[in-house]
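Descriptive structure summary
Below, each chain spelled out in residue letters.
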Amino acid sequence: MGTKSVREIVETAIRAHLVAQTELTGVNVYKGIEVATDALPALVVNCGQVSNPPDLPEGLGNYLCTVTLELYTSADETSALSVHRDRSAGMLGAMQDLTGIKAVFTSQGDATCYDVSPETVDDGRGDRALGTMATFSVLVVLPA
């Protein structure tokens, strides 16, 4: 594991999982809040909070991460609302694939993912974009 932060590990794995989804083909998937370019359609994966999980001993590499996915679609796209809703469904469906998410973490070798739990989903509209923000709790353990 070395010098990678748990945030970087989680964002990288979730991003890789989302990029592999055919329902999200054509969507630019970024990680973190350091997005330099944000060409629409865009999906930002951000691990904004990391804490020790309740009921698990501290100091053993267990982390409960709050991951926010922010999906944006240009309001100027043809059939923008239906396209955005289809993308949102693809994003939310991908996050229900715990087996696929676990496999990505395993293939990257930096952590093991034990669970992904949905927390909230909010839709909104900006000046020129439709947006969906979904929050998930992701339970991971780093190797000893």
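Criteria and cut-off values
Residues numbered from 1 in each chain as written. Predicted model: local features only at pLDDT ≥ 70, side-chain atom pairs only at ≥ 80, totals over all residues. Heavy atoms only, no water. Helix = DSSP H or I, 4+ residues; strand = E, 2+ residues; numbered from the N terminus. Buried < 20%, exposed > 50% of the residue type's maximum accessible area, 1.4 Å probe, protein only. Contact = heavy atoms within 4.5 Å. Areas by Shrake-Rupley, 256 points an atom, 1.4 Å probe, with all protein chains shown as cover. Lys, Arg positive; Asp, Glu negative; His and termini not counted. Charge placed at Lys NZ, Arg CZ, Asp CG, Glu CD. Core = buried A, V, L, I, M, F, W, Y, C linked by side-chain atoms within 4.5 Å. Pairing = 2+ DSSP bridges. Axes fitted to C-alpha atoms, helices over the stretch in contact; angles between N-to-C directions. Polar contact = N/O pair within 3.5 Å; in protein donor to acceptor, adjacent residues only side chain to side chain.

1. What about the overall build of the protein chain?
A tally of regular secondary structure across the protein chain gives three helices and five strands. The helix and strand sequence of the protein chain, counted from the amino end, reads α-β-β-β-α-α-β-β. In terms of its C-alpha atoms, the protein chain occupies a principal-axis envelope of roughly 50 × 30 × 25 Å. Looking at the protein chain as a whole, 41% of its 144 residues qualify as buried. Across the protein chain, every contact between residues at least 6 apart in sequence was considered, and the portion connecting residues at least 24 apart equals 57%. When the accessible area of the protein chain is evaluated, it comes to approximately 7,800 Å², of which 50% is carbon and sulfur surface. Within the protein chain, one finds 9 positive and 18 negative side-chain charges whose respective centroids are separated by 4 Å.

2. A word on the nonpolar core
Judged by nonpolar contacts, the single largest core of 30 residues is most densely connected at V10, I14, L18, L43, L69 and F105. Those elements giving two or more residues to this core turn out to be helix 1 (6-19), strand 2 (42-51), strand 3 (62-74), helix 2 (80-95), helix 3 (98-108), strand 4 (112-125) and strand 5 (129-141). When residues in this core are grouped by element, the largest group, six residues, is from helix 1. When near neighbours in sequence (up to four residues on either side) are disregarded, L18 contacts L24, V29, L43, V45, L69, M91, A94 and M95.

3. Regarding the sheet that holds strand 4
A sheet is described by the order of its strands in space; here five strands give the open sequence 1-2-3-5-4, paired in mixed fashion. Since the sheet does not close on itself, it has two edges, and those belong to strand 1 (28-31) and strand 4, each with one partner. Averaged over neighbouring strand pairs, the angle between their axes works out to 20° when direction is ignored. Sheet topology note: the strand 1/strand 2 ladder contains four bridges and is parallel. Within strand 2, the position partnered with Y30 by the bridge is V44.

4. Remarks on the side chain of S74
Residue position: S74 is located in strand 3. A distance of 3.1 Å separates a polar atom in the side chain of S74 from the backbone nitrogen of D76. Leave out the neighbours within four places in its chain, and S74 touches L40, A80, R128 and A129.

5. Side note on unusual backbone geometry
The omega angle of the peptide bond from L40 to P41 is 0°, so this bond is cis rather than trans. Considering the arrangement of structural elements, one finds P41 in the loop between strand 1 and strand 2. Within the chain, D55 stands out as a residue other than glycine whose phi angle is a positive 70°. Tracing the backbone through its elements, the reader meets D55 in the loop between strand 2 and strand 3. Within the chain, S79 stands out as a residue other than glycine whose phi angle is a positive 55°. For S79, a relative accessible area of 47% translates into the label partly exposed.

6. Considerations on the environment of P54
Counting through the fold element by element, P54 comes out in the loop between strand 2 and strand 3. For the pair formed by P54 and L64, sequence separation is ten residues and the distance between their alpha carbons is 8.6 Å.

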